[in-house]
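Residue-level listing of the chains:
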Amino acid sequence: MVVQESLADAKHIEILKMLKKAKGRYVSGQSISRKTSVSRAAIWKHISTLKKYGYGIASSQGQGYKLLHSSDQLLPWEIKDGLKTEFMGRVIHHFSVIDSTQDLAIKLAEENAPEGIVVIAETQRRGRGRIGRKWSAPEGGIWLSIILRPKIPTAESTILPLATALAVCIAIRSVCKVDARLKWPNDIIIKGKKVAGVLAEMSCEADRINYIVIGIGINANVNVGKIEANIKNAPGYYGAASLINEMNKEVDRMTLVRKLLAELESIYLELESEGSDTIIQSWKDLSATLGTTVTVSQNDIAFEGKAVDIDYDGALLVKLPDGNIRRVVAGDVYVRIKR
Ligand code: BT5
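Reading the values: rules and limits
Residues numbered from 1 in each chain as written. Predicted model: local features only at pLDDT ≥ 70, side-chain atom pairs only at ≥ 80, totals over all residues. Heavy atoms only, no water. Core = buried A, V, L, I, M, F, W, Y, C linked by side-chain atoms within 4.5 Å. Buried < 20%, exposed > 50% of the residue type's maximum accessible area, 1.4 Å probe, protein only. Helix = DSSP H or I, 4+ residues; strand = E, 2+ residues; numbered from the N terminus. Contact = heavy atoms within 4.5 Å. Phe/Tyr/Trp six-rings, centres within 6.5 Å; stacked < 30°, edge-to-face > 60°. Lys NZ or Arg CZ within 6 Å of the ring centre and 35° of its normal.

Novice: Is there a simple way to think about the nonpolar core in this case?
Specialist: General note: in soluble globular proteins, nonpolar side chains tend to be found buried as a group. With 66 residues, the main nonpolar core has Ile-172, Ile-188, Ile-218 and Leu-243 as its most contacted residues. The leading source of residues in this core is helix α6 (residues 159–176), at 12 residues. Setting aside its immediate chain neighbours within four residues, Ile-218 contacts Gly-141, Ile-142, Trp-143, Val-168, Ile-172, Val-195, Ala-196, Leu-243, Leu-256 and Leu-260. In terms of nonpolar packing, the next biggest core, distinct from the first, is built from 19 residues, Leu-19, Tyr-55, Leu-67 and Trp-77 among them.

Novice: I tried to follow the packing of aromatic side chains on my own but got confused; where do I start?
Specialist: Given two aromatic rings, one states the distance between the centres and the angle between the planes to describe the pair. Under the definition given, this model contains 3 aromatic pairs. Taken together, a centroid distance of 5.2 Å and an interplanar angle of 50 degrees make the contact between Tyr-53 and Trp-77 tilted. Taken together, the residues span a long stretch of sequence, with Tyr-53 in the loop between α3 (40–52) and β2 (56–60) and Trp-77 in helix α4 (residues 76–80) at a distance of 24 residues. Each of the two residues, Tyr-53 as well as Trp-77, counts as buried. Both rings, one in Phe-87 and one in Tyr-268, keep their centres 6.1 Å apart while their planes meet at 55 degrees; by these two values the pair is tilted. Here Phe-87 is found in the loop between α4 and β4 (92–98), whereas its partner Tyr-268 is found in helix α9 (residues 253–274), with 181 residues between them in sequence. For the residue pair Phe-87 and Tyr-268, the accessibility class agrees, reading buried in each case. Geometry around Phe-303 places Arg-326 over its ring, the cationic atom sitting 4.1 Å from the centre.

Dropping the structure here:
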């Protein structure tokens, strides 16, 4: 089911608010009707919509309606309730199933949608990674795309995927209390396995970025076996981790999404106003790549060296056995950390 924000939603959200406020007690049809200006006959329609969204609601002829449990879907009004951002995630489009959140976000960006809009889905049929790779996105994960219109020079856009991965990593560490680390360029890993990935797709002119759509995939409450079965032979696969397995309990996806949007907004605003220095330093502090021996595969060439630093634009600096430093720019590159 598609949940897009519209005026029609306003009524059932009002009804939901009343039910939540009653804290498990019945609310009469009469008082719902009085407060929301919905006719008593039409209330059931809104109640059945709420049930379709996953809320548990009991109805009793004499007493009215009561909320039994909330929905476990990442519904826009639930995310926004308690979201501490100015523009990131202020408009959210939610889908139970979609081909790829990237496709819709790009379409909206092409239609001049403002920055900060989020497209989120419970599952994706055709989730994608970089350079046409497949991204497995079963139920229980966090799969979202965000439209950004950064006011930075086009040449510096390469820092955005790293900045986003940093925000994801900080949010996971803070909400889940697990040792998430960054693997250059865009991966978030736990104990060497990938728990989240970032994809950036951009439209730009020589001196101006039109938009960047950032895709974020987090294996939150997903079964790692399911992911493995989907993609174990995919290029670049080095093992998947999930937060539920690492924490031995379900992660509160809503809290994690809110924290992620807040972190991303603050890092993004800092990037626009101060440049990339602090972001790169924070990235290095959480890096699992720096200081290790890496194998870099670029098209048909592969070489080995020590990952020594990150450049101002996010490029990886690799020290070769002959002592020379080679700059590796993200893109069609695969870096393997040697264990
Ligand atoms: C990425 O690409 O890591 C970017 C992932 C972005 C996914 C989000 S979900 C919301 C939005 N909508 C989309 O359609 N995409 C974005 P890359 O670095 O190219 O890594 C892709 C590789 O990761 C695959 O070839 C597999 O080896 C591996 N992989 C795929 N699904 C995975 C998963 N769920 N967990 C861990 N590894 C996975």
